[in-house]
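Chain by chain, the residues:
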Amino acid sequence: MKIKHLLSAADLSREDALAVLDTATEMAAMAGREVKKLPTLRGRTVVNLFYEDSTRTRISFEAAAKRLSADVINFSAKGSSVSKGESLKDTALTLQAMGADAVVVRHPAAGAPHRLAGWVDGSVLNAGDGMHEHPTQALLDAYTIRSRHGRIEGLKVAIVGDVLHSRVARSNVYLLHTLGAHVTLVAPPTLLPVGVEAWPADVSYDLDAVLPGVDVVMMLRVQRERMIDSFFPSEREYSRRYGLDLDRLRGLPSHAIVMHPGPMNRGVEISPEVADSPRSTIVEQVANGVSVRMAVLYLLLGGAR
Amino acid sequence: MARPQVDQAGVRVDRQPSDGGKADDGKVVEGKSVGAGHGKGAGGVDSKNVGGKVIIDGPNLARIVDRMAHQILEKTSGARDTVLLGIPTRGVPLARRLADRIRAFEGVSVPLGALDITLYRDDLRLRGARALGRTELPPAGIDGTRVILVDDVLFSGRTIRAALDAIADLGRPRQVQLAVLIDRGHRELPIRADYVGKNLPTALSENVRVRLVEIDGMDEVRIEAGRSLDGSGKGDR
């Protein structure tokens, strides 16, 4: 990889992205082995720096680092000096003094990982910054799409729902575009960000018109915790226009898959029957997350310092 | 005699599994392959690297593989309970050729596998992350079997050290043996091969370059004047 930090999916060239996916394929083969451990990052330290709640991403990064034999330090803002008012920079300098080879950071402020990258010597991996980006989620989504469809190039992907607040949507648009997929964003006008015309994706307000032609549907979580205004009249109305239920599932081409980055609001953006259907890759995405993050850690940290 | 390309079921001949532009220079190990500063495209490497002296040509390489297959049959009493594990890149087609010859000589079908050791290397910090090869074990696994590791060139022994670590994570074979096409000396670890195609005394500064039809379009072993004098191949890639 030519890059030292993974801050944005837009930083990944096609070659880098494919290198991650190919490496992840080999890492995934290891998951079936008796000894699920590789000595590759022995003696390296990976710090998980989480200023926001997370289940999947933190556990997944931790498992990935441990399977590569790195030492893992988990840091969550709760119960640390952050609650006493320590700034991100001072925390970063502490990590620097402890000799962290990689810092995996999740922060409510967009751009926090970029700032952090200037303060520490190690690699910085963005595990979600505000409403900006979540590049490893995009990589694991791309990996899941490739393992189900055998390719990404030329596929039609619909990303549906709360695009405005979604870092997953942003990262996926960039990465899938880099890898040659055709992305259509589907959302109510209130949940699309300003400037979305400039993204390498089409925009539609009508889910039913888009669904029959897609290979992949990616449902986004309605992020109520980030909603300070009312973006739609009621959950029921949102669900009726933009939720994926069994009727809409039947309207999909038979080979199309249904994705969701989790955590799900069952009954809002996705109905429980759809979430648990064989077309859904939601559990697979979580499993793939570990392999993809192992690949990223290996490619960023395995190299010369 | 032109050796037909082996096409039996079993392990795929394994280029680096990258969709990207990188060709098969994935395992430029211990100075046994391309010298310093060469391009990555396979074609480019070949055309730039026509120097050096041919040590083994195609027909002789086939004879050597025949002999090694016979030796394996002899030392393992007919290759019973034996598994051949090729180390990517060029160990994999070599292992396949050995299995093919063993089948031709005695009708024994030897399970084949591939063992990528990249993640077990001790020089990742020095040389950086590289594309991974494929690890694929025979369906029956390797527990209780006699594993014969197959590689093209034995040099410092570090690849084999890494392979032994990798095997320990994959199962518990009854015995592990080593078959190499070329032993060029300069061991840095107490490791030796059980089956050697050819002992090739070399200077540390030289490079030994094995080409196989399956990967390089031709069979030959060439010795080339290298550029890195420390022999650790740090200049590679």
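Residues numbered from 1 in each chain as written. Chains lettered and ligands numbered in written order. Predicted model: local features only at pLDDT ≥ 70, side-chain atom pairs only at ≥ 80, totals over all residues.

Attention now goes to the interface of chain A and chain B. At the interface, 20 residues of chain A touch 21 residues of chain B. Secondary-structure elements contributing two or more residues to the side of chain A that touches chain B are α1 (14-30) and α11 (282-301) of chain A. Broken down by element, the side of chain A that touches chain B gets its largest block of residues, eight residues, from α1 of chain A. By residue class, the composition of the side of chain A that touches chain B is nine nonpolar, five polar and six charged. (Contact = placed C-beta atoms within 7 Å. Helix = DSSP H or I, 4+ residues; strand = E, 2+ residues; numbered from the N terminus. Nonpolar A, V, L, I, M, F, W, Y, C, P; charged D, E, K, R; others polar.)

Turning our attention to helix α2 (residues 58-75) of chain B. Owing to its 3.6 residues per turn, the α-helix aligns residues three or four sequence positions apart on the same side. Residues and elements named next belong to chain B. Helix length check: α2 (18 residues) gives 26 Å between terminal C-alpha atoms against 26 Å at 1.5 Å per residue, within 8%. All buried positions along α2 are accounted for by Leu 61, Val 65, Met 68, Ala 69 and Ile 72. Down the axis of α2, the smallest arc covering the buried residues is 105°, so these residues share one side. Every exposed residue of α2 that faces more than 90 degrees away from the buried side is listed here: Pro 59 and Glu 74. Tucked inside the fold, the buried residues of α2 contact β1 (53-56), α3 (91-106), β4 (146-154), β5 (175-183), β6 (195-199) and β8 (220-225). Looking one or two residues beyond α2, the residue adopting positive phi is Ser 77, at roughly 45°. (Expected span 1.5 Å × (residues − 1). Buried ≥ 20, exposed ≤ 12 C-beta atoms within 10 Å, placed from the backbone. Arc of directions from axis to C-beta.)

Time to look at the domain arrangement of chain A. All names here are of chain A. Here the domain parsing of chain A yields domain 1 (9-133 + 286-301) and domain 2 (135-282). Just the C-alpha atoms count here: the centres of domain 1 and domain 2 sit 25 Å apart. Residue-level contacts link 24 residues of domain 1 with 19 residues of domain 2. Elements represented by at least two residues in the side of domain 1 that touches domain 2 include exactly α1, β4 (123-129) and α11. With six residues, the top contributor of residues to the side of domain 1 that touches domain 2 is α11. Split into classes, the residues belonging to the side of domain 1 that touches domain 2 amount to 13 nonpolar, six polar and five charged. (Domains from an automatic or database assignment.)

This paragraph deals with the pairing of β4 of chain A. Across the seven residues that make up β4 of chain A, a large majority, seven, are buried. Where the polypeptide runs from strand β3 (residues 102-107) of chain A across helix α4 (residues 112-119) of chain A and back to β4 of chain A, its parallel neighbour, the crossover connection is right-handed. (Right-handed = clockwise from strand over helix to strand, strands pointing away.)

Residue and element names in this part refer to chain B. Read from one edge to the other, the open sheet built from three strands follows the order β1-β8-β7, with strand pairing classed as antiparallel. Among the strands making up the open sheet, the edge pair consists of β1 and β7 (206-211). Taken over all neighbouring pairs, the strand axes of this sheet differ in orientation by 30° on average, direction set aside. Summarising the sheet, β1 and β8 pair through three bridges and their orientation is antiparallel. (Pairing = 2+ DSSP bridges. Axes fitted to C-alpha atoms, helices over the stretch in contact; angles between N-to-C directions.)

Residues and elements named next belong to chain B. Between its terminal C-alpha atoms α3 stretches 22 Å, which fits the 22 Å expected from 16 residues at 1.5 Å a residue. Within α3, twelve of the 16 residues are buried, leaving the element largely enclosed by the surrounding structure. Buried within α3 we find Gly 91, Val 92, Pro 93, Leu 94, Ala 95, Arg 96, Arg 97, Leu 98, Ala 99, Asp 100, Arg 101 and Ile 102. Where α3 is buried, its residues contact α2, β2 (82-86), β3 (112-114), β4, β5 and α6 (213-216). The first or second residue beyond α3 is Gly 107, which carries a positive phi of 70°.

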